[in-house]
There are 2 protein chains.
Amino acid sequence: MLGRLYPGQICSAARALEVVGERWSLLIIRDAMFAGITRFTDFQRNLGIAPNILTKRLGEFVEAGIFELRSADGDRYAEYVLTPKGRELQPVVVALTEWGDRWAAPDGPPVTYEHDGCGGRVALKLECERCGGTPPPEGIKVRLSRWLQAVRSGS
Amino acid sequence: MLGRLYPGQICSAARALEVVGERWSLLIIRDAMFAGITRFTDFQRNLGIAPNILTKRLGEFVEAGIFELRSADGDRYAEYVLTPKGRELQPVVVALTEWGDRWAAPDGPPVTYEHDGCGGRVALKLECERCGGTPPPEGIKVRLSRWLQAVRSGS
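Just so it is clear, the structure is predicted and the values come from calculations on it, not from any experiment.

K.L.:
Is there a simple way to think about the overall build of chain A in this case?
P.N.:
Summing up its helical and strand segments, chain A has seven helices and five strands in all. Starting at the N terminus, the α and β elements of chain A follow one another as α-α-α-α-β-β-α-α-β-β-β-α. The C-alpha radius of gyration computed for chain A amounts to 19 Å, which surpasses the reference 15 Å derived for 155 residues by more than 25%, pointing to a less compact arrangement than a globule. Out of the 155 residues in chain A, the part that is buried amounts to 35%. Relative to all contacts within chain A whose residues are 6 or more apart in sequence, the contacts with residues 24 or more apart total 38%.

Right, here's the structure in full:
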């Protein structure tokens with residue numbers, strides 16, 4: 001099923017959502033990323049997710065190279081370990097958390113992300129690589145790549 | 001349906017996904033945010049989405065305060081305009097795009113995000129607010145808030 005949800009969209013966000021946009025997907029990744037969970041039973045308990053859904057998600061993640069399946073304790077159980085491709089989803093999880101903290105956390109943020117080195121709070125910034133500025137939402141524009149321009153103009 | 005997908009999860013990312021985690025949701029927001037789309041027919045054409053799904057998503061977004069419904073051209077048509085709450089989802093869309101650019105764009109990024117002021121490329125950074133450092137994924141830890149610690153310890 002992976003890779004076939006938004007076939008008409010030439011868009012990296014759509015490609016990403018085809019891999020991690022299904023229900024529970026990003027919460028499974030969150031648990032691996034920030035709670036250090038690796039075992040099926042621990043994901044299942046922490047999420048309260050139906051086992052058949054969890055099996056499907058983890059299988060698709062292994063297929064997509066988000067998790068690597070390892071055997072542990074002399075083959076007694078399996079571990080799902082995030083690959084670099086999976087770990088690089090961290091900004092997606094943090095961006096969702098920051099938005100939820102701001103707009104859907106009436107009791108205050110349940111957790112904060114901290115820099116392990118100094119204990120400071122870590123936050124996402126949209127920064128201009130040229131001038132170092134942090135433009136407001138309306139100050140960011142999309143530029144189409146040359147190849148997408150060519151596709152759009154039908155050449 | 002909004003707000004009831006992950007009732008057991010005390011987590012801002014889960015709360016955010018309850019609002020924007022359904023199929024097509026973030027692509028609708030992307031189109032409003034970066035393509036300036038406001039009209040039902042334009043969303044429909046650009047996404048190739050089934051009208052009943054689009055109606056459902058836009059209705060939920062208005063209910064959740066992500067879009068504001070305005071009448072335009074002397075009431076001849078309706079416009080869906082992102083609210084500040086909706087616009088602040090920009091880092092979520094950019095984070096997904098950056099991940100897709102890196103892991104699912106064999107022909108190169110279809111689009112780039114640019115600073116409207118200077119034309120520089122805009123990118124997300126996870127930055128420590130105390131030391132200004134940009135920790136690697138494994139250098140970021142979660143700290144539970146006091147109230148969540150209390151909930152977890154059953155007090």
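K.L.:
How should the relation of the copies chain A and chain B be read in this particular structure?
P.N.:
Two chain copies, one operation linking them: a rotation about an axis together with a shift along it. Superposing chain A onto chain B requires a rotation of 180 degrees together with a translation of 0.0 Å along the rotation axis, leaving an RMSD of 0.0 Å. Taken together, the rotation and translation describe the operation of a two-fold axis. Taking C-alpha positions as the reference, the residue of chain A nearest the rotation axis is Lys-125 of chain A, at 2.6 Å. The fraction of interface residues of chain A whose copies in chain B are also interface residues reaches 100%, indicating that both copies meet through the same surface.

K.L.:
What's the story with the domain arrangement of chain A in this structure? I'm lost.
P.N.:
A common way to express how large an interface is: the accessible area buried when the components associate. Residue and element names in this part refer to chain A. Assigned domains of chain A: these are domain 1 (1–88) and domain 2 (90–155). Taking only C-alpha atoms into account, the centre of domain 1 sits 22 Å from that of domain 2. Each partner contributes to the interface: domain 1 provides seven residues, whereas domain 2 provides six residues. Classifying every residue of the side of domain 1 that touches domain 2 gives four nonpolar, no polar and three charged.

K.L.:
What is the right way to read unusual backbone geometry from this model?
P.N.:
Trans peptide bonds make up most of the peptide bonds, and negative phi angles are found at most residues other than glycine. Of note in the backbone geometry, Asp-73 of chain A takes a positive phi value of approximately 50 degrees without being a glycine. In the Ramachandran plot, Asp-75 of chain B falls in the positive-phi region, its phi being about 70 degrees despite a non-glycine side chain. With respect to the helices and strands, the residue Asp-75 of chain B is situated in the loop between β1 (67–72) and β2 (77–82). Overall, Asp-75 of chain B belongs to the exposed group, with 7 C-beta atoms counted inside 10 Å.

About the thresholds
- Residues numbered from 1 in each chain as written.
- Chains lettered and ligands numbered in written order.
- Predicted model: local features only at pLDDT ≥ 70, side-chain atom pairs only at ≥ 80, totals over all residues.
- Helix = DSSP H or I, 4+ residues; strand = E, 2+ residues; numbered from the N terminus.
- Rg over C-alpha atoms; globule rule 2.2 N^0.38 Å.
- Buried ≥ 20, exposed ≤ 12 C-beta atoms within 10 Å, placed from the backbone.
- Contact = placed C-beta atoms within 7 Å.
- Least-squares fit on C-alpha atoms with pLDDT ≥ 70 in both.
- Domains from an automatic or database assignment.
- Nonpolar A, V, L, I, M, F, W, Y, C, P; charged D, E, K, R; others polar.

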